[in-house]
Amino acid sequence: MSDLPAIILEERAVLDRIIPALRALQQTDHDQERELLQNARAMHAAWTEARGDTAQREAFEEALGEAKRALDAHRNARRSRQIPLGTPYFARMVLSEGARHQEVLLGKVGVVERGVRICDWRDAPISQIYYNYEEGEEYCEQIGAREREGVLSVRRRVDIREGVIVEVQGAADIQRLRPDGFYASPGRARPEAGEDHRLPDIVSLITREQFQVITRTEAGVVLLRGRAGSGKTTVALHRIAFLHFRDPQRFHPAKMMVVMFNKALQTYISRVLPDLGIAGVPVETFHGWAGRLLRAGGIDLPFGSQTSPGVSRLKRHPAINALLRAYVQQLGTKTEEWLGGQLDAATKKTWDRLQTRGLFRVGELRDRAGAGAWWGRLEGRLLDHARDLWTMLQDEALLKAHLPKPLHTVIPALRRHSLEASQRRCLDWEDAALILRLGQLKHREDRGLACAWAGRYAHIVIDEAQDLSTVELEALVDAADAARSVTIAGDPAQKILADAQFEGFEQLLTRLTGNVQVRMDALAVGHRSTRPIMELALRALDTGDAAKADPAAKADPAVIAARDGEPVVWCEGGEEEVFAAVLADVLRFREQRPSSLVAVLARTKPAADQWARRLKEAKVAGVRRADRADFSFHPGVVVSNVHQVKGLEFDGVVVVEPADFGANDRHLLHVAITRAADRLWMAAAKGRGGLRQPGQGADQGR
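So, a few notes on the structure that sits alongside this text. Since this is a predicted model, take the numbers as computed values, not measurements.

### Quick look at the overall build of the protein chain
When helices and strands are tallied, the protein chain shows 23 helices and 24 strands. Counting the 702 residues in the protein chain, one finds 53% classified as buried. Considering only contacts in the protein chain between residues 6 or more positions apart, those separated by 24 or more positions represent 72%. Of the accessible surface of the protein chain, which amounts to about 30800 Å², a share of 50% is contributed by carbon and sulfur atoms.

### So, the pairing of strand β8 (residues 174-177)
Across three bridges, the pairing between strand β7 (residues 164-169) and β8 is antiparallel. Counted as the bridge partner of glutamate 167 is arginine 176 from β8. Count of turn residues in the β7/β8 antiparallel hairpin: four residues. Sheet analysis places β8 next to strand β9 (residues 183-184), joined by two bridges and oriented antiparallel. Bridge assignment links arginine 176 to a residue of β9, and that residue is alanine 184.

### Looking at unusual backbone geometry
Positive phi, normally seen in glycine, also occurs at lysine 619, with a value near 65°. Structurally, lysine 619 can be placed in the loop between α22 (605-617) and β20 (623-625). Lysine 619 sits in the exposed class, given a relative accessible area of 72%. Despite not being glycine, glutamate 657 has its phi angle at roughly 50°, a positive value. Mapped onto the elements, glutamate 657 comes out in the loop between β22 (650-656) and α23 (666-673).

### Considerations on the packing of helix α13 (residues 385-392) against helix α16 (residues 431-445)
Two numbers describe how α13 lies on α16: the axes approach to 9 Å, and their chain directions differ by 110°. Between α13 and α16, the crossing angle belongs to the class labelled roughly perpendicular. Residues His385, Ala386, Asp388 and Leu389 of α13 lie in contact with α16, whose contacting residues are Asp431, Leu434, Ile435, Leu438, Gly439 and Lys442. For the contact of α13 with α16, the residue count by class is five nonpolar, two polar and three charged.

### A word on the pattern of salt bridges
In total, this model carries 48 salt bridges according to the counting rule given. Arginine 316 is paired through a salt bridge with glutamate 472; the nearest N and O atoms lie 2.7 Å apart. Of this pair, arginine 316 sits in the loop between α8 (309-315) and α9 (320-339) while glutamate 472 sits in helix α17 (residues 470-477), placing them 156 residues apart in sequence. The pair arginine 316 / glutamate 472 is uniform in exposure class, with both members buried. Note that arginine 528 and glutamate 649 form a salt bridge whose closest N and O atoms lie 3.1 Å from each other. Here glutamate 649 lies in the loop between β21 (636-641) and β22 and arginine 528 lies in the loop between β17 (518-523) and α19 (531-541), a separation of 121 residues in the sequence. When sorted by exposure, arginine 528 lands in the same class as glutamate 649, which is buried. A cluster of three or more residues bridged by salt bridges with shared partners is formed by Glu10, Glu11, Arg17, Arg92, Glu103 and Arg156.

### Things to note about the pairing of strand β11 (residues 256-260)
For a regular strand, the rule is simple: side chains alternate between the two faces of the sheet. In terms of burial, β11 is a largely internal element, five of the five residues being buried. In β11, alternate side chains face the same way, and those of Met256, Val258 and Met260 on one face and Met257 and Val259 on the other are all buried. Judged from the four bridges that link them, β11 and strand β15 (residues 459-462) form a sheet pairing that is parallel. Paired with valine 259 across the two strands is isoleucine 462, which belongs to β15. With three bridges connecting them, β11 and strand β12 (residues 283-285) associate as parallel partners. Of the residues in β12, the one forming a bridge with methionine 260 is threonine 285. For the crossover that starts at β11, traverses helix α6 (residues 263-272) and ends in the parallel β12, the hand is right-handed.

### Details of the packing of aromatic side chains
Counting across every chain of the model gives nine aromatic pairs. Note on tyrosine 131 and phenylalanine 211: the rings are 4.4 Å apart at their centroids and 20° apart in plane angle, and the pair reads as stacked. On the criterion of sequence distance, the pair formed by tyrosine 131 in helix α3 (residues 124-132) and phenylalanine 211 in helix α4 (residues 208-214) is long-range, its members being 80 residues apart. You'll find tyrosine 131 and phenylalanine 211 in the same group, each marked buried. Plain terms: the ring middles of tryptophan 374 and tryptophan 375 are 5.9 Å apart, the flat faces sit at 75° to each other, and that makes the pair edge-to-face. For the pair shown, tryptophan 374 and tryptophan 375 are each scored as buried.

### A look at the environment of arginine 377
Looking at the secondary structure, you find arginine 377 in helix α12 (residues 373-382). Not counting residues up to four positions away in its chain, the partners in contact with arginine 377 are Trp338 and Gln342. A distance of 3.2 Å separates a polar atom in the side chain of arginine 377 from a polar atom in the side chain of glutamine 342.

What counts, and at which threshold
Residues numbered from 1 in each chain as written. Predicted model: local features only at pLDDT ≥ 70, side-chain atom pairs only at ≥ 80, totals over all residues. Heavy atoms only, no water. Helix = DSSP H or I, 4+ residues; strand = E, 2+ residues; numbered from the N terminus. Buried < 20%, exposed > 50% of the residue type's maximum accessible area, 1.4 Å probe, protein only. Contact = heavy atoms within 4.5 Å. Areas by Shrake-Rupley, 256 points an atom, 1.4 Å probe, with all protein chains shown as cover. Pairing = 2+ DSSP bridges. Axes fitted to C-alpha atoms, helices over the stretch in contact; angles between N-to-C directions. Parallel < 35°, antiparallel > 145°, perpendicular 65-115°, else oblique. Nonpolar A, V, L, I, M, F, W, Y, C, P; charged D, E, K, R; others polar. Salt bridge = Lys/Arg side-chain N within 4 Å of Asp/Glu carboxyl O. Right-handed = clockwise from strand over helix to strand, strands pointing away. Phe/Tyr/Trp six-rings, centres within 6.5 Å; stacked < 30°, edge-to-face > 60°. Polar contact = N/O pair within 3.5 Å; in protein donor to acceptor, adjacent residues only side chain to side chain.

So, in structure tokens, the structure goes:
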């Protein structure tokens, strides 16, 4: 024991004191529950025996109700402090205020009782000292009803797994448990993951900037821009957990939603939310969510991809928003003209006195004069959003008035396609967002027009926003209630869908600013990939043309990557030579790190199929071809095309043939590279493609 580092000895002493105290506390809670349960059963037996005595039965019934309430109250209290003994806390700090020294442990569940003081990390008044100050710094914070000043004399991250201290990180020392059972200063790799590679648990690693975003209490839209691996998704999910902790009734899991980019990430995140204490929050893809709510709203038409690329791009163009608003105004004017001739004399007098216009005026008439026969005829027409979509997209004058001139060449094809779609009664995938917005804009003018997807959620997280169109983003924001509590996360450098035509965060900030409070936060530092990996990822964005280069390519890897690492390995030569080199390196890596998860990423599905087949023929253990929702995150080797793994991360990544990524695929290549946390191999039988030659020592050839 004396051979252990001092920092480990200190933290073991704390853990050895806390675990028995927690066991005793949980045993006492269990004994109390058993006593309360026995009392409730006794009251029920007495109540049953008193069937013939009304007075006695009423007395026992009241006593039984009280016993049940006491049992329920105890169970609820006990459930809220069921701290897992294997991972009771993740950080320890000592607050020194004059002669007084207070030890505070931070965990995912809080309990302050009988010598145990573990504070829930979401309890911002006390946890903010851990996140906002470094060891040795003076603090001054309002905690409870008083202001507290002192020095944060100890601040340590303590990684405990199954009751064993795996790593302790202090201000001047880091000690990690090695496979041989001894502790040592760690190398450049991250701590080994468990058997199920879930979203990294960042609660103990949250930076000051991330904590401020997570614990922001005011309502409104938060735009969260961050580089690959900066923690955008995890910060957004922890923000949901914080909001639920602060107001569990308003931010009930059923009243929140997370929108992810693809099915694989949807599956991944669905398994993470219970660990954050927010089981039951629906996790959706945009089109999955849109289709479900459109069906709930009575629009059950078939969707498919049946249009030309030009028409598809036009439907996702930012100018579509102005077109939708103009059409709803035009619809309101035409409705007024029609309605004026449908009213009886008394209702017509009320109509003529109204000062509003359009659908506002129609709704006001219904509310004042009642829903007469005219409303029965009109309501169904106004709720036929598909008909309105087809009508709008065939109105040549309206299209030319509200779409920019460069798009006018596509208008004839758009009109023909919309006419054919109306005759076949079918929709394109791009139409889902347009119909959602039509319903929301009509509902905004007349609240009497039902809209199942307007004001539905207390909080929405929108991830990978750069691959959503402006109209899709506006449809999601309008699905939040009047407080507009929405977190939008994204990174323009990871934009892989050109048709989405994302305007950028600055334009989005301008578009959303109005009656809604909007804040933009930036997470500049990546915590996933090492500096050599990030350096190559930035080169993927650099076209060599200063006028066309992505601004993100100018970043300094030493600034945006939090840790150093092994050089990127280039496997070059003939196809067989490259495959053999990759195979040898991956097998060696998996042998050194048995719990690791390695991804082999190709640009196309056929290329991924070929590599999966060859790896299986080579008898590589744990190889599986992953696609869409069919993803397993257990240790091994997954093979996929890049589009399916956006938002995910792996211990090691093999990028198949970077030369296959053309000039328009530089963001896709950037995404592929930044899926790697510790090791990156570039399988380049066709050469390095558009990647510029690295600086000295950045990469390592094979």
